[in-house]
Amino acid sequence: MGSSGINAEYMGVQPSFNTTQYISKRWYIQQQMNIVYLPESQNYCVNAKYTKAPDRIHVCNYANADKVNGAVEASGELICAYVKDERSPAKLSVGPCKLFRERALFYGPYWVLAYDEDEGYALVSGGQPTMYTPDGCQTGTGVNHSGLWIFTRAQVGDPALISKVRGIAKQQGFDLSVLRNVTQAGCTYYNQNC
């Protein structure tokens, strides 16, 4: 139990998770935690596209640096994901595709904590939080075991929906002060292959 009185010892994930449906369309990130590979200077036009391959999922993360339609920061097909345990498909692992054979050593957690396709949202964490603050729990800020994201299917998120997902994160015990807004309005997304 953290000093906030919230138990973040076990973070629940989305039950009855359908990976195929989840990766079927692009996600637009509305809020995210600053971590080593996602500095606040890249909180513009951030989105993620997933493509199924026979034994893995290709992940393409896209962002603009410093401003809307600024320099493109895209992962291309360098990042892969897989479902670590079919009994808990909302707990994926993500890492460099070139290290897929060694994924047990080099991949980090990507947990879908809440997801509703009809409402068009997802709450994603870089695994189990390990740090406690007076306002709730947090993941790390490094490469693995880090991050918190609010995704929507809509490019520009509905403030009421974002507020709802923030409420879900708070109920899970997260410290919401780590979340930063991502600007999506006016984005042209230069690299649509990503």
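Up top you'll find the structure we're talking about.
How each quantity is defined
- Residues numbered from 1 in each chain as written.
- Predicted model: local features only at pLDDT ≥ 70, side-chain atom pairs only at ≥ 80, totals over all residues.
- Heavy atoms only, no water.
- Salt bridge = Lys/Arg side-chain N within 4 Å of Asp/Glu carboxyl O.
- Helix = DSSP H or I, 4+ residues; strand = E, 2+ residues; numbered from the N terminus.
- Buried < 20%, exposed > 50% of the residue type's maximum accessible area, 1.4 Å probe, protein only.
- Core = buried A, V, L, I, M, F, W, Y, C linked by side-chain atoms within 4.5 Å.
- Pairing = 2+ DSSP bridges.
- Expected span 1.5 Å × (residues − 1).
- Arc of directions from axis to C-beta.
- Contact = heavy atoms within 4.5 Å.
- 1 Å grid on protein atoms, 1.4 Å probe; cavity = no way out; pocket = protein on both sides within 12 Å on 5 of 7 lines; lining within 4 Å.
- Points joined across faces, edges and corners; volume = space filled by probe spheres on them.
- Nonpolar A, V, L, I, M, F, W, Y, C, P; charged D, E, K, R; others polar.

Explain the pattern of salt bridges residue by residue, including any values.
Tallied over the full model, the rule gives 6 salt bridges. The residue E117 makes a salt bridge to K25 at a minimum N-O spacing of 3.2 Å. One end of the pair, E117, is in the loop between β7 (108-116) and β8 (121-125); the other, K25, is in the loop between α1 (19-22) and β1 (27-33), and 92 residues separate them in sequence. The class for E117 is buried, based on a relative accessible area of 16%. Residue class for K25 comes out partly exposed when judged on its relative accessible area of 45%. Its salt-bridge partner being R180, residue E40 comes within 3.9 Å of it at the nearest N-O pair. In this pair, E40 sits in the loop between β1 and β2 (44-52) while R180 sits in strand β12 (residues 179-181), placing the two residues 140 residues apart along the sequence.

Any chance you could break down the nonpolar core for me, citing the residues and the numbers?
Core analysis: the largest hydrophobic core is formed by 44 residues, its most contacted members being Y22, Y50, V112, L123 and F151. Of all the secondary structure elements, the ones that give two or more residues to this core are β1, β2, β3 (57-65), β5 (79-83), β7, β8, β11 (148-152) and α3 (159-171). In terms of nonpolar packing, the next biggest core, distinct from the first, is built from 7 residues, C45, C60, Y62 and C194 among them.

Tell me about the pairing of β5, residues and numbers included.
Of all the 5 residues making up β5, 4 are buried; the element is thus mostly covered by neighbouring parts of the structure. Judged from the 3 bridges that link them, β3 and β5 form a sheet pairing that is antiparallel. The residue of β5 that forms the bridge with I57 is A81. Sheet analysis places β5 next to strand β6 (residues 91-96), joined by 5 bridges and oriented antiparallel. Note on β6: the bridge partner recorded for I79 is P96.

Just give me the short version of α3, but keep the residues and values in it.
Helix length check: α3 (13 residues) gives 18 Å between terminal C-alpha atoms against 18 Å at 1.5 Å per residue, within 8%. Listed as buried for α3 are L161, I162, V165, I168 and A169. Angular distribution of buried residues about the axis of α3 spans 115 degrees; they occupy a single face of the element. In this structure, α3 carries P159, A160 and Q171 as exposed residues pointing more than 90 degrees from its buried face. Against the buried residues of α3 lie β1, β7, β8 and β11. Within two residues after α3, G173 carries a phi angle of roughly 105 degrees, on the positive side.

Talk me through the layout of surface pockets; I want residue IDs and the actual numbers.
Counted as a void, the largest pocket has a volume near 770 Å³. Lining the largest pocket are 34 residues, with Y37, N61, S75, I79 and V94 sitting closest to its centre. Looking at the lining of the largest pocket, the elements that each hand over two or more residues are β1, β2, β3, β4 (71-74), β6, β7 and β11. Across the lining of the largest pocket, the residue classes tally to 21 nonpolar, 11 polar and 2 charged.

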